[in-house]
Amino acid sequence: MRTPVVLVTGVSPDAMDATLVSLQWDLPQAVAVRHHIDVERQLLTRVVSDVTGVLDRAEVDLEHACVSCALREDVVPTIERLARDGRWGTVVAHLPVGADAAQVCHVLTWDARLARHLRVAGVVTAVAGPTVVDDLLGDALMAERGVATSHEDERGVGEVASGMVEHADVVVVTGEREPAGLALLRTLARPGARVVAGPELLDGALVADGLHDHAATTAWASPYRTQDVPSPDVPDVWQVDLRSDRAFHPDRLLEGLEDLGSGRHRSRGCFWLPTRPGRALEWDGAGGQLSIGAGESWGRRPAQTRLVLTGVGARPDHLEEAFEALLMTTAEEASGQSWQRPVDGFEPWLGPVREIA
């Protein structure tokens, strides 16, 4: 029988702690493990507890203080060790603040040795109700909040928190809750995911029973998703789904990134460039912070450009026009112009053209 594992993620330490406590008390046969990365000291702290109290506390020296090292060197091995112990029915893992669950889910799903006795039962993302809109759509950086996972962590809080909500099976809101914040969470979350208004309302048994569907989660969180997104059914939240089979014009995109990437909204999706026609390129932004990167090959899939933008309040009226202005025109596509350029201006983000195209 495989031991269920519940993963707790978030960018708010207080919200994550409250959610962990709720799960621990709701699942009396559970063991909880909390990991914390101390970037300055290059240490990973591990605390293991159950309803009887703290069972183990340790500090692990990291060669490099980052999420990948922490997951590889202690988080996943500890989850495995606790599951093999046989004393507990569920392992609840409080991941380091700012650490996404996707990597752990991938390892526990596809590592044949681990998958024989472990299964991800649920991914729970904890958010702070009073600041949820700012956390998802604001321009603060992880380092400015004191929750960076490494010295090189330049991510925005919104990018990290939004990605966690999109990957979650359950989103738990702690503290005071605003209607706009709850509506935003429901819009970003995967269809079928639960948004719970308070850790005291979290049903631990339901989560541990097996809410997580790895394939459905991966499809929703993917920048290359093809399914339609449900329209927000509340006036507080707006969403625009911009799609085309045409590429972005590299020169216009380089000059006009801010037209779609800036602003108090969440934006994510994929696009392609005529200078790199075989590569799907990823777009991931929130609150004016924008990351673009080289993804996988299109393979047999038709190339597409699709961005989904989500925000709160008045919807900007320029988005469709700005999107269209960045796309290659039909005349440009038909001109026969060669796009075999040695450089296209996107090398700092996507690497050399010759290596990617």
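Since we're looking at a predicted model, the values are computed, not measured. (Residues numbered from 1 in each chain as written. Predicted model: local features only at pLDDT ≥ 70, side-chain atom pairs only at ≥ 80, totals over all residues. Heavy atoms only, no water.)

(A) Molecular detail of the nonpolar core. The biggest cluster of nonpolar side chains holds 47 residues, and the ones touching the most others in it are V92, L136, V165, V170 and L185. Residues contacting V92, with those up to four places away along its chain left out, are V6, V8, L20, L23, L27, A30, V31, A32 and V33. Counting residues in each nonpolar core, the second largest holds 31 residues, with V67, V75, A93 and V104 among its members. (Core = buried A, V, L, I, M, F, W, Y, C linked by side-chain atoms within 4.5 Å. Buried < 20%, exposed > 50% of the residue type's maximum accessible area, 1.4 Å probe, protein only. Contact = heavy atoms within 4.5 Å.)

(B) Broad picture of the sheet that holds strand β8 (residues 194-196). Strand order across the open sheet formed by eight strands is β4-β3-β2-β5-β1-β6-β7-β8, with mixed pairing between neighbours. Where the open sheet ends on each side, the last strands, each with one partner, are β4 (53-61) and β8. The mean inter-strand angle of the sheet, taken between neighbouring strand axes irrespective of direction, is 20 degrees. Lying over the sheet, helix α3 (residues 102-110) contacts β1 (3-10) and β6 (118-128), oriented at roughly 170 degrees with respect to β6. (Pairing = 2+ DSSP bridges. Helix = DSSP H or I, 4+ residues; strand = E, 2+ residues; numbered from the N terminus. Axes fitted to C-alpha atoms, helices over the stretch in contact; angles between N-to-C directions.)

(C) Representation of the packing of aromatic side chains. A full pass over the atoms with the stated rule returns five aromatic pairs. Relative to F271, the ring of F248 lies with its centre 5.6 Å away and its plane at 45 degrees, an arrangement referred to as tilted. Taken together, the positions of F248 in the loop between β9 (237-244) and α10 (250-261) and F271 in strand β10 (residues 265-273) put the pair 23 residues apart, joining distant regions of the chain. Just as F248 is buried, F271 falls in that class too. Both rings, one in F248 and one in F323, keep their centres 5.7 Å apart while their planes meet at 80 degrees; by these two values the pair is edge-to-face. Highlighted residues: F248 in the loop between β9 and α10 and F323 in helix α11 (residues 319-326), separated in sequence by 75 residues. When sorted by exposure, F248 lands in the same class as F323, which is buried. Ring-pair connections join several aromatic residues into one group, and the members of that group are F248, F271, W283 and F323. (Phe/Tyr/Trp six-rings, centres within 6.5 Å; stacked < 30°, edge-to-face > 60°.)

(D) Structural context of the environment of V353. Following the sequence through the fold, V353 ends up in helix α14 (residues 353-356). Take V353: its relative accessible area is 5%, and that puts it in the buried class. Taking the C-alpha atoms as reference, V353 lies 8.8 Å from Q340; in sequence the two are 13 residues apart. Contact partners of V353, with chain neighbours within four places excluded, come to T275, R276, R341, P342, V343, D344 and E347.

(E) The arrangement of the pairing of β1 in detail. β1 sits mainly inside the fold: eight of its eight residues count as buried. Side chains of β1 alternate between two faces, with T3, V5, L7 and T9 and P4, V6, V8 and G10 buried alike. Across eight bridges, the pairing between β1 and β6 is parallel. Looking at the pairing, L7 lines up with V123 of β6. Bridge count for β1 against strand β5 (residues 90-94) is four bridges, and the pairing is parallel. Note that in β5 the partner of V8 across the bridge is H94.

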